[in-house]
Amino acid sequence: MKILSVNAGSSSLKFTMLELPEEKVIISGTFEKIGLDDSFYTIKYNGNKDKKEAKLENHTDAVKILLDELINYKVIKSYDEIDGIGHRIVHGGDKYTESVVIDDDVLKTVEDLVPLAPLHNPANLVGIRSFKEVLPNTKMVAVFDTAFHQTMSKEEYLYALPYEWYQRYGVRRYGFHGTSHRFIATKMKEMLGEDKKIISCHIGNGASICAIKDGKSIATSMGFTPIAGVIMGTRCGDIDVGLLPYVMSQTKEKFDDVMTDLNKKSGVLGLTGVSSDMRDVEEGYNNKDERCITALNMYANKIVEYISMYNTKLEGADYIVFTAGVGENSDLMRELIIKRLEFMGVKLDSEKNHQRGINGEISTDDSSIKVYVIPTDEELMIAKDTYNLINE
Ligand code: AMP
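So, here is what we can say about the structure in this document. (Residues numbered from 1 in each chain as written. Predicted model: local features only at pLDDT ≥ 70, side-chain atom pairs only at ≥ 80, totals over all residues. Heavy atoms only, no water.)

Observations concerning the sheet that holds strand β7 (residues 100-101)
The following threshold applies: The rule for pairing is simple: two strands pair if DSSP sees at least two bridges between them. A run of H or I in DSSP counts as a helix once it spans at least four residues, and a run of E counts as a strand once it spans at least two, with each numbered from the N terminus. It only takes one pair of heavy atoms within 4.5 Å for two residues to be counted as in contact. Note on geometry: axes are lines fitted to C-alpha atoms, helical ones only across the stretch in contact, with angles between N-to-C directions running from 0 to 180 degrees.
Taking strand neighbours across the sheet as the criterion, the eight strands line up as β5-β4-β3-β2-β1-β6-β8-β7 in an open arrangement whose pairing is mixed. Strands at the two margins of the open sheet, each flanked by one partner only, are β5 (48-53) and β7. Relative to strand β8 (residues 139-144), strand β6 (residues 82-89) runs parallel, the two being bridged by six bridges. In the strand pairing of β8, Ile 85 is matched with Met 140. The sheet contacts of helix α1 (residues 59-72) involve β1 (2-8), β2 (13-19), β3 (24-32), β4 (40-45), β5 and β6, and relative to β2 the element is tilted by about 30°.

Some points on the side chain of His 91
Applied cut-off: N or O atoms within 3.5 Å of each other form a polar contact, as long as, within protein, one can give a hydrogen and the other can take it, and as long as residues adjacent in sequence are counted only when both atoms are side-chain atoms.
Relative to the helices and strands, His 91 resides in the loop between β6 and β7. In this structure the side chain of His 91 is engaged in a polar contact, spanning 3.0 Å, whose partner is the backbone nitrogen of Gly 93. Not counting residues up to four positions away in its chain, the partners in contact with His 91 are Leu 113, Leu 116, Ala 117, Asn 121, Phe 144, Thr 146, Tyr 174, Phe 176 and Phe 224.

Topic: the packing of helix α10 (residues 278-286) against helix α11 (residues 290-313)
For the record, the criterion: Reported orientations rely on four angle classes, namely roughly parallel under 35 degrees, roughly antiparallel over 145, roughly perpendicular from 65 to 115, and oblique for the rest. Crossing handedness is defined as follows: a turn of the near helix away from the far one that is anticlockwise and smaller than a right angle gives a left-handed crossing, while the clockwise case is right-handed. Lys, Arg, Asp and Glu make up the charged group, whereas Ala, Val, Leu, Ile, Met, Phe, Trp, Tyr, Cys and Pro make up the nonpolar group; the residues left over, Gly among them, are polar.
The contact between α10 and α11 brings their axes to 8 Å, and the two run at 120°. Judged on the interaxial angle alone, α11 and α10 are oblique. Crossing geometry of α10 relative to α11 is assigned as left-handed. Note on element contacts: α11 touches α10 through Cys 292, Ile 293, Leu 296 and Tyr 299, opposite Met 278, Val 281, Glu 282, Gly 284 and Tyr 285. Across the contact of α10 with α11, the residue classes tally to seven nonpolar, one polar and one charged.

Some thoughts on the sheet that holds strand β14 (residues 370-373)
Spatial ordering of the open sheet is given by β11-β10-β9-β12-β14-β13, a layout of six strands whose pairing is mixed. Strand pairing shows two members of the sheet lacking a second neighbour, β11 (216-220) and β13 (360-361), which therefore form its edges. Strand direction decides the pairing type here: strand β9 (residues 198-203) and strand β12 (residues 319-323), joined by five bridges, are parallel. Each bridged residue has a counterpart across the sheet, and for Cys 201 the counterpart in β12 is Phe 322. Contacting β9, β10 (207-213), β11 and β12, α11 runs over the sheet at an angle of about 155° to β9.

What about the packing of aromatic side chains?
Definition in use: Stacked, edge-to-face and tilted labels apply to pairs of Phe, Tyr and Trp rings (six-membered ring for Trp) whose centres lie within 6.5 Å, assigned for plane angles under 30 degrees, over 60, and everything in between, in that order. For every residue, the accessible area obtained with a 1.4 Å probe (protein chains only) is divided by the maximum for its type, and the residue is called buried under 20%, exposed over 50%, and partly exposed between those limits.
Here the structure, examined in full by the defined rule, presents nine aromatic pairs. With 5.9 Å between their ring centres and 45° between their planes, Tyr 157 and Tyr 166 make a pair best called tilted. We note that Tyr 157, like Tyr 166, is buried. Look at Tyr 306 and Tyr 310: their rings are 5.6 Å apart centre to centre, the planes differ by 70°, and that puts the pair in the edge-to-face class. Pair noted here: Tyr 306 and Tyr 310 are both in helix α11, with a separation of four residues, about one helical turn.

This is how it looks when you write it as structure tokens:
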């Protein structure tokens, strides 16, 4: 079966077409700057990457070109060959604990949840509606970023705030990156043959840590929004909210502008003033740039805080898994993190850690907690959920 896995952002649309159950990627691509003058798209097929310019006024334009290109690249002969489409949806609130087939009810709920994810859910909805317009009869599935964390206990997801805020307005920890953490849980079970206690570190431009027990999320570092937790590319992670009125009084900025600073100008970018990209900051670190050294040490420290906390919650983790852009590629960051855990017997095999494209164990045989690198694959997870639900 041919399944399309789709991730629609406010001005972008990413897709991957996979053959299921073989789990083989057929073609993938990204439409960027939708709605802007310099919009373009790239298609990856058979090891080649083609970049093309195109006027993309809206997401429906992107969907139409995408479908035409599937025919041009001879991936399909007609649109009916697309058996299902899985959409990544950021917020499913506390209603969705797993993926669901999209119907009018689901669309309404995702719409109702827009106040909880004002930047993401509207873009995800535009993606669904654009495909519906062009392929009204193709089955579609919603895969929620929050769903995996719905297994957290009340003690874990509540904030110590006026209780009515939770009851009336749904103010609580939701957690994100659930599809990636679920991929790690599933992959580790496949590899080990049983569920182990795992601390999953999804560290990319966005980053979150998740404690997994019996294949379920029991705690995660992102909160009501994705700004909470560890230090990210441009997001601040955990801070003292008491600083907000002070900053506003000093900078004379409006609240929305301060929030933009916290989301887009903080984290590694804020600390270094150079870049949000770990590759640039590592270059600065290697060239002894003081701010880059401080930023990377703080970044590692914060992740270590969460690993330590989750090791306690799990009453002793069996595995630490690194994934996403930084986790998969930065041997330096993995080393900075694991060095801080050496006192408790966690030991990195430095030869394995330095290998490019490593996929598997990077700890020594006698390490108290095993350390793995597993490349995440959210597209595959979305496609598998879609395949399973449309075959039910
Ligand atoms: P993601 O959000 O998972 O796509 O991760 C993107 C981030 O991964 C980039 O912004 C970089 O900070 C980081 N990254 C990618 N490749 C490398 C690399 N070779 N070394 C260090 N960091 C990397």
